[in-house]
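Secondary and tertiary structure notes
Each chain, written out:
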Amino acid sequence: MRHHLILRVVTKLLVGTIMLFALYVQFHGDYSPGGGFQAGVIMAVGFILYGIVFGLDLVQKVLPPWFVHKLLAIGVLLYAGTGIYSLFTGYAFLDYSALSPHHPEHGQHWGILLVEAGVGITVTGVMVAIYYAFSARTPVIGDEEW
Amino acid sequence: MPRPGTSDHDPIADGDTKGRGTIETFIDLVLFTMLVVVALAIVRLRSLFAVVMLAGVFSLLSALLLVTLDAVDVAFTEAAVGAGISTVLLLGTLALTTRFERPSSHSPWLPLFVVVVTGAALVYGTLDMPNFGAADAPAQTHVWPDYVARVPHEIGVPNIVTAILASYRGYDTMGETAVVFTAGIGVLLLISGLGRRRREDEDDDREGEA
């Protein structure tokens, strides 16, 4: 793997930018195209690109598999938890006005932010987990075979 | 400044009521031609590596077509999932199997017949559809005006697509998230080897007790 010099340098430059872009898509989804689903996929792409070029071991040091498996559930729980919270404060399930009863519009903003974050976390987790599951079974391909 | 997430091209205000400009028709024609060429190349090629790469190109071209239809949110998803993740997963699968497709032994006429009949039925179905961008299409007259009127003062986010997906249709999006979660769990159970490792541990324990 040592001689893919250009690939390694370009990947190091790109990974940070990709993750920054994912965060932009995530938190700017109210104003521009995108949202949790797209942002989650882009964030996962950052990790997967790093894994492809530098190897599974290095990327799993950054994002260990046990943490990815937790992420899957955390996202869904965050989404459903927002709904449960609104139930307990006397509103309908997933009625985000509950988050800010005096300014329902602010509540909607908070609600959208929270559930989109939930979607993003789950999608990132699922995509990275599927990539880990596939590439852990893959025999390492020799450089000369490419 | 054009409002993000919405179209800044208003056919009625531009006096362009018949349809879209010639440039857009030209772009559509070029993109569709490239789609067909890529699809034919995918059918004819035997090297699966090239096929996976071309499938990514096919997704990217579809995303461009969706951009010309002003469906930027969908185009975004298509580019990220279709061209990005699917290509990586297919490459991962490819590494587990062979790199070249075996020549098929059956004749291609029955599949071709099925594809042609299905395609003809789909084209026949589009004849009843309203013209592209028609102001009296159900998509423009059913619930859409209601959402456009309600979102600015009820939700207050400029991207109406996000407001509908996350707030008005919050139940649906939660279901989708649960589906993605289930898919991830399914893949983990099937091929990650987590279950197998635990069973081996149990076997070790039992041997230890014996």
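Details of the structure are given in the entry above.
The paragraphs below set out a description of the structure included in this document. Per-chain numbering applies: the sequence of each chain, read as written, is numbered from 1 onward. Here chains are named by letter from A upward and ligands by number from 1 upward, in the order in which they appear as written. Local features in this predicted model are restricted to residues whose pLDDT is 70 or higher, and side-chain atom pairs enter the listing and the counts only when it is 80 or higher, whereas totals over whole chains, interfaces and linings include all residues. Side-chain numbers here rest on the full set of heavy atoms in the structure, without hydrogens or water.

1. Considerations on the overall build of chain B
Heads up, the rule is: Helical segments are the DSSP runs of H or I of at least four residues, strand segments are the runs of E of at least two, and each set is numbered from the N terminus. A simple rule labels every residue: compare its accessible area, found with a 1.4 Å probe on the protein chains alone, to the largest value its type can have, and call it buried under 20%, exposed over 50%, or partly exposed in between. What makes two residues a contact is simply this: any of their non-hydrogen atoms within 4.5 Å. Each accessible area value is a Shrake-Rupley result obtained with a 1.4 Å probe; residue values ignore everything except the protein chains displayed when judging cover.
Scanning chain B for helices and strands turns up nine helices and zero strands. Along chain B, from the amino end to the carboxyl end, the secondary structure elements read α-α-α-α-α-α-α-α-α. Buried residues in chain B amount to 21% of all 210 residues. Partitioning the intrachain contacts of chain B with sequence separation of at least 6 by distance along the chain shows that 49% fall at a separation of at least 24. When the accessible surface of chain B is totalled, it reaches about 14400 Å², and 67% of it is carbon and sulfur.

2. Brief notes about empty space enclosed by the protein
Residues and elements named next belong to chain A. Our working definition: Cavity and pocket criteria rest on a 1 Å grid covering protein atoms alone: a 1.4 Å probe that fits but cannot get out defines a cavity, protein on both sides within 12 Å along at least 5 of 7 lines defines an open pocket, and an atom within 4 Å of a point defines a lining residue. Grid points are joined across faces, edges and corners, and a volume is the space filled by probe spheres set on the points.
Tallied over the full model, the rule gives one cavity of 30 Å³ or more. Contributing to the lining of the largest cavity are Gln26, Phe27, Gly29, Asp30, Gly35, Ile112, Leu113 and Glu116. Taken together, the elements giving at least two residues each to the lining of the largest cavity come down to α1 (5–27) and α5 (104–137). Examining the composition of the lining of the largest cavity, we find that three residues originate from one element, α5, more than from any other.

3. Some words on the nonpolar core
What counts here: Remark: nonpolar core denotes a set of buried residues (Ala, Val, Leu, Ile, Met, Phe, Trp, Tyr, Cys) joined through side-chain atoms within 4.5 Å.
Core analysis: the largest hydrophobic core is formed by 45 residues, its most contacted members being Phe47(A), Val128(A) and Tyr132(A). Looking at this core, the element that brings in the most residues is α5(A), giving 12 residues. Those residues in contact with Val128(A) that sit more than four places away from it in its chain are Ala44(A), Phe47(A), Leu63(A) and Val68(A). Residues Leu31(B), Leu35(B), Val38(B) and Leu61(B) belong to the second largest nonpolar core, which totals five residues.

4. Quick look at the packing of α5(A) against helix α8 (residues 170–191) of chain B
This is how it is decided: With axes taken as lines fitted to C-alpha atoms, and helix axes fitted only over the stretch in contact, angles between N-to-C directions fall between 0 and 180 degrees. Each angle receives one of four descriptions, namely roughly parallel if under 35 degrees, roughly antiparallel if over 145, roughly perpendicular if within 65 to 115, and oblique otherwise. The sense of a crossing depends on the near helix, which, turned anticlockwise from the far helix by less than a right angle, makes the crossing left-handed and, turned clockwise, makes it right-handed. Polar here means any residue other than Ala, Val, Leu, Ile, Met, Phe, Trp, Tyr, Cys and Pro, which are nonpolar, and Asp, Glu, Lys and Arg, which are charged; Gly is therefore polar.
The interhelical angle for the contact between α5(A) and α8(B), taken along N-to-C directions, is 20°, at an axis separation of 9 Å. Relative to α8(B), the element α5(A) lies roughly parallel. Classified by chirality, the crossing of α8(B) by α5(A) is left-handed. Contact with α5(A), carried on its side by Val119(A), Thr122(A), Val123(A), Val126(A), Ala129(A), Ile130(A), Ala133(A), Phe134(A) and Arg137(A), involves Thr173(B), Thr177(B), Val180(B), Phe181(B), Gly184(B), Val187(B), Leu188(B) and Ile191(B) of α8(B) and no other residues of that element. Classifying every residue of the contact of α5(A) with α8(B) gives 12 nonpolar, four polar and one charged.

5. Points about helix α3 (residues 72–96) of chain B
Condition: Take the number of residues in a helix, subtract one, and multiply by 1.5 Å to get its expected span.
Helix length check: α3(B), at 25 residues, gives a terminal C-alpha distance of 35 Å against a target of 36 Å (1.5 Å per residue), a fit within 8%. Considered for burial, the residues of α3(B) that qualify are Asp73(B), Ala75(B), Phe76(B), Ala80(B), Gly82(B), Ile85(B), Thr87(B), Gly92(B), Leu94(B) and Ala95(B). Turning to α3(B), the residues buried within the fold contact α1, α2 (36–54) and α5 of chain A together with α2 (48–68) and α7 (160–168) of chain B.

6. Comments concerning unusual backbone geometry
Here the phi dihedral of Leu94(A) falls at roughly 65°; this positive angle occurs in a residue that is not glycine. Within the secondary structure, Leu94(A) sits in the loop between α4 (65–88) and α5. Phi angles above zero are rare outside glycine, and Asp70(B) is one such case at about 65°. Examined against the element boundaries, Asp70(B) turns out to sit in the loop between α2 and α3. With relative accessibility at 43%, the residue Asp70(B) sits in the partly exposed group.

7. Regarding α5(A)
Here α5(A) contains 34 residues, and its C-alpha end-to-end distance of 50 Å stays within 8% of the 50 Å for a straight helix at 1.5 Å per residue. Counting buried positions over the 34 residues of α5(A) gives 24, a clear majority of the element.

8. Re the pattern of salt bridges
Residues and elements named next belong to chain B. Here is the rule: The salt bridge criterion pairs a side-chain nitrogen of Lys or Arg with a carboxyl oxygen of Asp or Glu, the two atoms within 4 Å.
Per the stated rule, a full pass over the model turns up two salt bridges over all chains. Residue Arg150 pairs with Asp146 through a salt bridge whose shortest N-O separation is 3.2 Å. With Arg150 and Asp146 both in helix α6 (residues 144–154), this residue pair falls four residues apart, about one helical turn. The exposure class of Arg150 is partly exposed, given its relative accessible area of 29%. Look at Asp146 and you get partly exposed, because its relative accessible area is 39%. Residue Arg150 pairs with Glu154 through a salt bridge whose shortest N-O separation is 3.4 Å. One end of the pair, Arg150, and the other, Glu154, are both in helix α6, four residues apart, so they sit about a helical turn from each other.

9. Considering the interface of chain B and chain A
This is how the line gets drawn: Put simply, buried area is how much 1.4 Å-probe accessible surface two parts lose in total, over both of them, once they are put together. N or O atoms closer than or at 3.5 Å make up a polar contact, with two conditions inside protein: a donor-capable atom paired with an acceptor-capable one, and, for residues adjacent in sequence, both atoms drawn from side chains.
Contacts between the two partners involve 43 residues from chain B and, on the opposite side, 46 residues from chain A. Regarding the contact of chain B and chain A, the summed buried area is about 4000 Å², with carbon and sulfur atoms giving 76% of it. At the junction of chain B with chain A, the criterion picks out 11 residue pairs in polar contact (both at pLDDT 80 or more). Among the elements of the structure, α3, α6, α7 and α8 of chain B are those that each provide at least two residues to the side of chain B that touches chain A. Considering each element in turn, the side of chain B that touches chain A owes the most residues, 13 residues, to α3(B).

Note that all results are geometric; they support no functional claim without further evidence.
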